[in-house]
Amino acid sequence: MQKVDYIIVGLGLAGVAFTRVLEQNNKTFVVFEDQSRQSSIVAGGMYNPVILKRFTPVWDAEAQLNVALPFYKELEEFLGATYDYPIDTYRLFTSIEEQNNWFAKSDHPFLSKYLVPKIIVKSFKGIEAKFGYGKVLHTGRIDTKKLLNDYKLYLKRKDCLQETSFNYDLIEQLEEEIKYKSIKADRVVFCEGFGIHKNPFFNYLPMNEVKGELITIHAPELEIDFVLKSSVFIMPLCDGLFKVGATFNWKDKTSIPTTEGRTELVDKLDKLIKVPYKIVEHVAGIRPTVKDRRPLVGTHPANAKIAILNGLGTRGVMIAPRVAVELFNHLEKGEQLRTEITIARFS
Ligand SMILES: Cc1cc2nc3c(=O)[nH]c(=O)nc-3n(C[C@H](O)[C@H](O)[C@H](O)COP(=O)(O)OP(=O)(O)OC[C@H]3O[C@@H](n4cnc5c(N)ncnc54)[C@H](O)[C@@H]3O)c2cc1C
C-alpha cells in the first residue's frame, strides 16, 4: 500500500497549480490524468486584466497577477524553459464613442496602469483601422501546452503520475484517510475541469460550461508584434503563425472542432485582415465556467478530506495559481476561503 498526503485528479492548469504548491510545501502526492479534457492545452493562454468589450477591470485581476506571474516565472526556472511571453494588446476601435470611452476609462485608478491614454494611428499592412487602436500594457501569453507537457513529463520521471482515469466508484472513505485502490491519502483534490460532471461528489455544483474553438493561421505578410483584439483576437506566435479565437458556444458539450466554429472565425478574420493566410490548426475545448463566473474552491460539505479546485472559466491562466494557494492554506492552515470562491455559497 502506497501512502501519500494527496491524490490529485486532473492535470490541467488547476491541477498543475495545486500540485506545484504541494511540492513547494514538501507534500507527497499522486496525480491521475486521463487526457479526457483539453481546455488548458488548447487555450489561447492570454492574461489581460482588462475586459476589452467595455474597458472594465477583470474581477480580482491585480491580486491574481501578483501570484500568477511569479508562479510561471518560478516554473520556468524550475523546468528550465520559457512559458511566459509578455506582449502588449491593441484594441481596435470601431467608433468615436469607443475612443471617448477609452479616454474616460484610462483615468480610472486601476485601469490607468494598463490603458495608454492616447489613440494609436499607426498603420499596419493588411489591417483597416479607421478609428485607430488603444494600447493595453502588461498583458501576455502563457504557452500552456508546453508548460503542461513539460510538467507532465517531470511528474512522470518522478513517478508521481498515473496516466489513467480516476474511478470515483473505487474511492473508500476511511475514518482517518482516503483509500483508492492501493493508495492511501490524507486528501483527494479534484481538478477535472468540465470532467466534474461525472464526479458524484461535486456534480451538484452549477457549471455553465462553454465550448471554445480556436484556429492557428500562417500569415507571413501580417506584421503585428502585439495581440490584436477586435471581434476575435489575433495573437502572434512565431514564424508567421498566429492564433485566432475564440468562439463561445453554450449548447455543444463536445471538444470536437466544428465547421460552424471554423466558419465563424474565418468570417470575422476576413473582415479584420486583408492579407493571405492558411489555416494550419483548428482546436476546441470546454471552458469550466460557473453560473456566477467565480471559481469553485473548497471541501465537500459531508467530507473535509475531499476537495475541489475548478470553475476557472475563461481565465484559468490568471486565476489558477492564486486559488491553488488559497485552497492549500485552507486545507493545511485552516484559513477561511473568500466567500466569492468557496463552494459553500452553493449549499
Ligand atoms: C478555446 C479556448 C481558449 C481559451 N483561451 C484562454 C486564454 O486565452 N486565457 C485563459 O486564461 N484561459 C483561456 N481558456 C480557459 C482555460 O483554458 C481554462 O480556464 C482552464 O484550462 C481550465 O483548467 P482546468 O485545469 O480547470 O481544466 P482542464 O484543462 O479541462 O483540465 C482538467 C483535466 O482533468 C482531466 N480529467 C478529467 N476527469 C478525469 C478523471 N476522471 N481522471 C483523470 N483525469 C481526469 C482532464 O483530462 C484534464 O486534463 C480558454 C479555453 C478554451 C476552450
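Keep in mind it's a predicted model, so treat the numbers as computed, not measured.

### As for the domain arrangement of the protein
No. 1: Its domain assignment divides the protein into domain 1 (2-43 + 145-207 + 292-346), domain 2 (88-138) and domain 3 (210-287).
No. 2: When each unit is reduced to the centre of its C-alpha atoms, the spacing between domain 1 and domain 2 is 39 Å.

### A word on the site of the ligand
No. 1: Neighbouring residues of the ligand: 36 residues in total, closest E33, S40, M46, F166 and G313.
No. 2: Between Q35 and the ligand, the recorded distance is 3.3 Å, taken from a backbone N or O atom to an oxygen atom.
No. 3: At 2.9 Å, a backbone N or O of M46 approaches an oxygen atom of the ligand.
No. 4: Summarising the interface, the protein chains cover 96% of the accessible area of the ligand, which totals 1,000 Å² for the free molecule.
No. 5: Only α1 (13-24), α2 (39-42), β14 (210-218), β18 (278-287) and α7 (316-333) provide two or more residues apiece to the shell around the ligand.
No. 6: Class assignment of the residues belonging to the shell around the ligand gives a composition of 14 nonpolar, 16 polar and six charged.
No. 7: A domain-level breakdown of the shell around the ligand finds at least three residues from each of domain 1 (2-43 + 145-207 + 292-346) and domain 3 (210-287).

### What to know about the packing of aromatic side chains
No. 1: Following the criterion strictly, the structure yields 23 aromatic pairs and no others.
No. 2: Plain terms: the ring middles of F55 and F93 are 6.4 Å apart, the flat faces sit at 85 degrees to each other, and that makes the pair edge-to-face. Residue F55 is found in the loop between β4 (50-51) and β5 (56-57), and its partner F93 is found in the loop between β7 (89-92) and α4 (96-105); the two are separated by 38 residues along the sequence.
No. 3: The rings of F32, F166, Y168, Y180, F190, F201 and F202 are connected pair by pair, giving a single aromatic cluster.
No. 4: The residue whose ring lies beneath R141 is Y85, and the NZ or CZ to ring-centre distance is 4.8 Å.
No. 5: We note R287 situated over the ring of F248; from NZ or CZ to the ring centre the distance is 3.9 Å.

### Here's the deal with the side chain of T216
No. 1: On the secondary structure map, T216 appears in strand β14.
No. 2: Looking at T216, the relative accessible area reads 6%, which means it is buried.
No. 3: Not counting residues up to four positions away in its chain, the partners in contact with T216 are L237, L241, F242, K243, K278, I279, V280 and E281.

### Some words on the nonpolar core
No. 1: Membership of the largest hydrophobic core comes to 58 residues, with the highest contact counts inside it found for F18, V189 and L309.
No. 2: Elements that contribute at least two residues to this core include exactly β1 (2-9), α1, β2 (29-32), α3 (61-79), α5 (144-157), β20 (303-310) and α7.
No. 3: Both domains that furnish three or more residues to this core are identified here as domain 1 (2-43 + 145-207 + 292-346) and domain 2 (88-138).
No. 4: The residues touching V189, leaving out its near neighbours within four places in the chain, are Y6, I7, I8, V9, F18, A307, L309, L327 and L331.

### Structural notes on the sheet that holds strand β9 (residues 140-142)
No. 1: An order of β3-β9-β6 is seen for the three strands of this open sheet, with the pairing classed as antiparallel. Of all strands in the sheet, those bounded by a partner on one side alone are β3 (46-47) and β6 (84-86).
No. 2: Summarising the sheet, β3 and β9 pair through two bridges and their orientation is antiparallel. In the sheet register, Y47 faces β9, and the bridge partner there is G140.

### Section: unusual backbone geometry
No. 1: Cis geometry is found at the peptide bond from G245 to A246, where omega equals -15 degrees.
No. 2: Examined against the element boundaries, A246 turns out to sit in the loop between β17 (241-245) and α6 (259-272).
No. 3: For N26, which is not glycine, the phi dihedral falls at a positive 55 degrees.
No. 4: The topology assignment puts N26 in the loop between α1 and β2.
No. 5: With relative accessibility at 70%, the residue N26 sits in the exposed group.
No. 6: Even without being glycine, D239 reaches a positive phi, approximately 50 degrees.
No. 7: With respect to the helices and strands, the residue D239 is situated in the loop between β16 (233-236) and β17.

The rules behind these values
- Residues numbered from 1 in each chain as written.
- Predicted model: local features only at pLDDT ≥ 70, side-chain atom pairs only at ≥ 80, totals over all residues.
- Heavy atoms only, no water.
- Domains from an automatic or database assignment.
- Near = heavy atom within 4 Å.
- Polar contact = N/O pair within 3.5 Å; in protein donor to acceptor, adjacent residues only side chain to side chain.
- Areas by Shrake-Rupley, 256 points an atom, 1.4 Å probe, with all protein chains shown as cover.
- Helix = DSSP H or I, 4+ residues; strand = E, 2+ residues; numbered from the N terminus.
- Nonpolar A, V, L, I, M, F, W, Y, C, P; charged D, E, K, R; others polar.
- Phe/Tyr/Trp six-rings, centres within 6.5 Å; stacked < 30°, edge-to-face > 60°.
- Lys NZ or Arg CZ within 6 Å of the ring centre and 35° of its normal.
- Buried < 20%, exposed > 50% of the residue type's maximum accessible area, 1.4 Å probe, protein only.
- Contact = heavy atoms within 4.5 Å.
- Core = buried A, V, L, I, M, F, W, Y, C linked by side-chain atoms within 4.5 Å.
- Pairing = 2+ DSSP bridges.

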